[in-house]
Amino acid sequence: MRVAIVGGGLAGCALAYVLKVRGAEPVIVEAADRLASGASGNRIGLYNPRFTAELGPQGAFYSKAFFRALDVFGRLDEIDWVPCGALHLITDEKKARRFSKTCESWGWAQEDMRLVDAREASRIAGVEITHDALYLRRSGSVCPEKLCRAYADGVDVHLNVRAESLAQVKTDFGADAVVAANGLGALAFSACTDLPLRAVRGQVTLVAGGGALDGLASHLCYGGYVSRAVDGVHVVGSTFQPWLDHCDLLEEDDLDNLAKLKEAVPVLAGAEFEVIGARAAVRCTVKDHFPVIGALDAAAGYYVSAGHGSHGILSSLEGAHILAGMILGEQGDWPSALLVALSPGRFSTIC
Ligand SMILES: Cc1cc2nc3c(=O)[nH]c(=O)nc-3n(C[C@H](O)[C@H](O)[C@H](O)COP(=O)(O)OP(=O)(O)OC[C@H]3O[C@@H](n4cnc5c(N)ncnc54)[C@H](O)[C@@H]3O)c2cc1C
């Protein structure tokens, strides 16, 4: 089966990878002159589930996605996979209650997810941490840009081609099915205009390794995040600006990212950081914080994978498995509540 995928970011490339592995013939159609030119172009991205207090369909989705990612990342070369662990700092009472429920309801083995006190968190992090934390030993980071390239290895990719409509792509590429995996660009397609996708700009700050962050052994998340050094560089992220949709770099965003880091890790309060770069992009988000994955019009062969928000590394991969199953007509074992929660029809609009 030939499947045309509009968009060469994580959503499109992950789907192409899964379809290729399952013996289908994916084709990626990308408007830019390279893959991962949009939100997926960061140098370092953390793969963490979006934690829910109760497991429910959303928690089950991210939980499954996490372990699937560990399996898939182990099969790919040159994606800068650093499974160094992540500490999610418990910075307020609300988080304390939520993370404690997550630990109970998600049912992960203790060695993969556990609450640690500030002292143990400090030992794991290699810097002094003043908060208790939720610790995911096998969490870590990849290079999203390289991940896209690895997923798309061996796939037929057409760059510098802007899709005008799903019908046209289907005809032009002789496809049996077409998938809108082009983030906010999907809104230009008539089948998607009613989807409540919205832009949230974000900027990450790249900081030279060494200095006050020397010895940081795990990633730290606290609303923002700081990575362990990868090739001598830390990423500090990230801003959330629903009121902006441009990708110009803003100096105040770097200051904001570093201020949040210093607030979360007081031992860094007086530290000087050498900012060596930054990157801004626009996320495609949905109000209910869950991606939109499913059929727009199954009879016509139109599908969508968008709205991956801030957790696209995991959601794009799990979403790709679900969508590939639907397109190929395979019986998956996903609960119907999950498919409904992901479906474009959940907004009760006719897409
Ligand atoms: C600053 C920042 C930090 C982030 N950090 C993390 C992180 O640490 N961990 C994590 O999991 N997630 C993170 N995310 C989120 C993650 O990057 C996104 O969820 C993910 O990249 C979304 O992938 P996508 O393929 O849906 O969109 P995109 O990567 O934006 O891809 C869409 C593609 O479609 C193409 N396109 C659009 N319209 C058309 C058209 N008509 N025809 C052809 N092509 C078209 C675009 O050129 C683009 O390449 C971050 C995002 C940002 C902005």
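Use the structure listed above.
Residues numbered from 1 in each chain as written. Predicted model: local features only at pLDDT ≥ 70, side-chain atom pairs only at ≥ 80, totals over all residues. Heavy atoms only, no water.

Right, let's talk about the sheet that holds strand 12 (residues 224-226) for a bit. In space, the eight strands of this open sheet follow the order 5-6-4-11-12-13-10-14, with mixed pairing throughout. Bordering the open sheet on either side are strand 5 (114-116) and strand 14 (275-286), each of which pairs with just one other strand. Averaged over all pairs of adjacent strands, the angle between strand axes in this sheet comes to 25°, irrespective of strand direction. With eleven bridges connecting them, strand 10 (residues 197-208) and strand 14 associate as antiparallel partners. Residue pairing across strands places valine 207 opposite valine 275, the latter belonging to strand 14. Contacting strand 4 (86-89), strand 5, strand 6 (133-136) and strand 11 (219-222), helix 4 (residues 118-125) runs over the sheet at an angle of about 100° to strand 5. (Pairing = 2+ DSSP bridges. Helix = DSSP H or I, 4+ residues; strand = E, 2+ residues; numbered from the N terminus. Axes fitted to C-alpha atoms, helices over the stretch in contact; angles between N-to-C directions. Contact = heavy atoms within 4.5 Å.)

Okay, the packing of aromatic side chains next. A complete count under the given rule lists 13 aromatic pairs for this structure. Ring centres of phenylalanine 61 and tyrosine 62 lie 5.2 Å apart, and the angle between their planes is 85°; this geometry places the pair in the edge-to-face category. By relative accessible area, which is 1% here, phenylalanine 61 ends up buried. Using a relative accessible area of 2% as the deciding quantity, one classes tyrosine 62 as buried. For the pair phenylalanine 66 and tryptophan 108, a centre-to-centre distance of 4.9 Å together with 35° between the ring planes defines the contact as tilted. With phenylalanine 66 in helix 2 (residues 56-73) and tryptophan 108 in the loop between helix 3 (93-106) and strand 5, this residue pair connects regions lying 42 residues apart in the sequence. Three or more aromatic residues link up through ring pairs in this structure, and these residues are Tyr47, Phe51, Phe66, Phe67, Phe73, Trp81, Phe99, Trp106 and Trp108. Lying across the ring of phenylalanine 240, arginine 283 places its NZ or CZ 3.9 Å from the centre. (Phe/Tyr/Trp six-rings, centres within 6.5 Å; stacked < 30°, edge-to-face > 60°. Buried < 20%, exposed > 50% of the residue type's maximum accessible area, 1.4 Å probe, protein only. Lys NZ or Arg CZ within 6 Å of the ring centre and 35° of its normal.)

What follows is about the sheet that holds strand 16 (residues 302-306). Strand order in this open sheet of six strands is 8-2-1-9-16-15, and the pairing throughout is mixed. Either end of the sheet is taken by a strand with one partner, and the two such strands are strand 8 (156-158) and strand 15 (292-297). Within the sheet, the average angular offset between the axes of one strand and its neighbour, ignoring direction, is 20°. Along the sheet face, helix 1 (residues 10-21) touches strand 1 (2-6), strand 2 (25-29), strand 9 (177-180) and strand 16 and points at about 165° away from the line of strand 2.

Looking now at the site of the ligand. For the ligand, the set of nearby residues contains 34 residues, the closest of which are Glu30, Ser40, Leu46, Ala163 and Gly309. The backbone of alanine 39 places a nitrogen or oxygen atom 3.0 Å from an oxygen atom of the ligand. Here leucine 46 contributes a backbone N or O atom positioned 2.7 Å from a nitrogen atom of the ligand. About the coverage of the ligand: the protein hides 92% of its 1000 Å² of free accessible area. Contributions of two or more residues to the shell around the ligand are made by helix 1, strand 3 (45-47), strand 10, strand 14 and helix 8 (312-327). Element by element, the count of residues in the shell around the ligand is highest for strand 10, at three residues. Its residues assigned to classes, the shell around the ligand comprises 13 nonpolar, 18 polar and three charged. (Near = heavy atom within 4 Å. Polar contact = N/O pair within 3.5 Å; in protein donor to acceptor, adjacent residues only side chain to side chain. Areas by Shrake-Rupley, 256 points an atom, 1.4 Å probe, with all protein chains shown as cover. Nonpolar A, V, L, I, M, F, W, Y, C, P; charged D, E, K, R; others polar.)

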